Structure formats: structure tokens, C-alpha cells
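# Reading the structure
Spelled out from the first residue to the last, the chains are:
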Amino acid sequence: MQQFWIFGYGSLMWRPGFDFRRSEPALVHGYHRSLCVYSHVHRGTPDEPGLVLGLDRGGSCHGMAFEVAPERWEEIIAYLRAREQVTSVYVEKRKTIRLLASGLAVEATTYVVDKAHHQYAGKLPDDALVSRVTRGRGMSGHCRDYVLNTLAHLRDMKIHDPTLERLAARLADQAASSSS
């Protein structure tokens, strides 16, 4: 029997928005979680883009894998395409992931950033990250809230992300300076 898996590395990890049979912490090699996507819709606008996460080449990424019932696959992949492909900045890929509790290797669908897309930000210096995250606001709210919420959930899942930790510290310093 064929299995259907989804790999999430950002908000899909704690807010998948679809029914699944089971979930398990997972690891993908060859990609890392990065604030490398200029958000023109959810956390920014074309005139004042925020930043959202993407899977970018290199390294590895801890995330969450979701097994989907075969009879629900078409419905769920349609939902994910509508959610993740609003501006087509991601490429839908099948990647081998390692399920961390069982140790099994499975094929999973995930969304990898398209480096040729005009919304690809690449690796930005910390000052640029702070600026974009502070100023970005889109239909889903402030970019700052997205980053801090993401970090809180990653911490709850015992996933350490040094870039988001550094960024959160800078945002806290900025907030403290503003209120003084």
C-alpha cells in the first residue's frame, strides 16, 4: 500500500489545516529552514514585503511529517497548493525524509523555495532581517508576530533555530529601546 506523507518545517508543523493519520518528528537533508522569502501577501505587501520561511538548499531541517490517507490525498494536496502556492514562490517536491521516532525513511511532499523567483530573498544579514520583520504586515498579520510565534512553537517542539533565536533577541532589544 502506497503511503502519502507531507513534510512541514514552518506553520504546517503546528497548524497543518488538514486531516492526517499520524504525525512524527522528521528530518530532511539537503535543505534548511530560512527566512528567505519576501512575503507579498500573508506577512507583507509588494511595496513593503515581510519575510516568511522557506526550505533553502544546504544543511538539514527538523520538521514534522504527516501521513495522509490515500483516499484524502487529492483533496489535501489541493488545499496545500492553494495555501503554499499563492505567488508560486515554492516548488512542490518529493524528498526522502527520516522519521525520527521510528527511524524509517519515507518519501514526502514538501515545498522548497524557488531561487529564481523574484520573491527569493536569499540569506539576508541580521539588520535586513530585523528591518523586514519589523515593517512587514500582510493579510495574515504582522511579520514580527509570525516570527515570534514560529520560534515559540519550534521551542515547544525542542527544535533549535539559531537565526530565529538571534532575530528574536534583536526584536526584544528593539522593543525595549522603543518603550524606554
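Located above this text is the structure these notes cover.
The model shown is predicted, which means the values in this text are computed figures rather than measured ones.

What counts and how
Residues numbered from 1 in each chain as written. Predicted model: local features only at pLDDT ≥ 70, side-chain atom pairs only at ≥ 80, totals over all residues. Heavy atoms only, no water. Helix = DSSP H or I, 4+ residues; strand = E, 2+ residues; numbered from the N terminus. Rg over C-alpha atoms; globule rule 2.2 N^0.38 Å. Buried < 20%, exposed > 50% of the residue type's maximum accessible area, 1.4 Å probe, protein only. Contact = heavy atoms within 4.5 Å. Salt bridge = Lys/Arg side-chain N within 4 Å of Asp/Glu carboxyl O. Phe/Tyr/Trp six-rings, centres within 6.5 Å; stacked < 30°, edge-to-face > 60°. Expected span 1.5 Å × (residues − 1). Arc of directions from axis to C-beta.

Glancing now at the overall build of the chain. If you tally the helices and strands in the chain, you get four helices and seven strands. For the chain, the succession of helices and strands along the chain, N to C, is β-β-β-α-β-β-α-β-β-α-α. For the chain, whose C-alpha radius of gyration is 16 Å, the value lies close to the compact-globule estimate of 16 Å for 180 residues. Dimensions of the chain, computed from C-alpha atoms along their principal axes, come out at roughly 60 × 30 × 25 Å. Each of the 180 residues in the chain was classed as buried or not, and the buried ones make up 47%. Put simply, 73% of the contacts in the chain that link residues at least 6 apart link residues at least 24 apart.

Positive phi values are uncommon outside glycine, yet Ser88 reaches one of about 60 degrees. Counting through the fold element by element, Ser88 comes out in the loop between α1 (73-84) and β4 (90-99). Its relative accessible area of 43% is what places Ser88 among the partly exposed residues.

Now for the pattern of salt bridges. For the structure shown, the criterion picks out 14 salt bridges. Between Arg72 and Asp19 there is a salt bridge whose closest N-O contact spans 3.0 Å. Taken together, the positions of Arg72 in the loop between β3 (50-68) and α1 and Asp19 in the loop between β1 (4-8) and β2 (22-39) put the pair 53 residues apart, joining distant regions of the chain. Residue Arg72 is classed as partly exposed on the basis of its relative accessible area, which comes to 24%. Overall, the relative accessible area of 51% leaves Asp19 in the exposed class. Glu48 is the partner of Arg135 in a salt bridge, and the nearest nitrogen-oxygen pair spans 2.7 Å. A residue pair is termed long-range when its members are at least 10 positions apart, and Arg135 in helix α2 (residues 126-135) and Glu48 in the loop between β2 and β3 qualify at 87 residues.

This part covers the packing of aromatic side chains. Counted under the stated rule, the structure contains five aromatic pairs. Ring pairs connect the aromatic residues Phe18, Phe20, Phe66 and Tyr79, which therefore count as one cluster.

With 12 residues, α1 should cover 16 Å at 1.5 Å per step; its first-to-last C-alpha distance of 16 Å lies within 8% of that length. Along α1, the residues classified as buried are Trp73, Ile76, Ile77, Leu80, Arg83 and Glu84. Taken end-on, α1 shows its buried residues confined to a sector of 125 degrees, consistent with a single buried face. Every exposed residue of α1 that faces more than 90 degrees away from the buried side is listed here: Glu74 and Ala82. For α1, the elements touching its buried residues are β1, β3, β4 and β5 (105-113).

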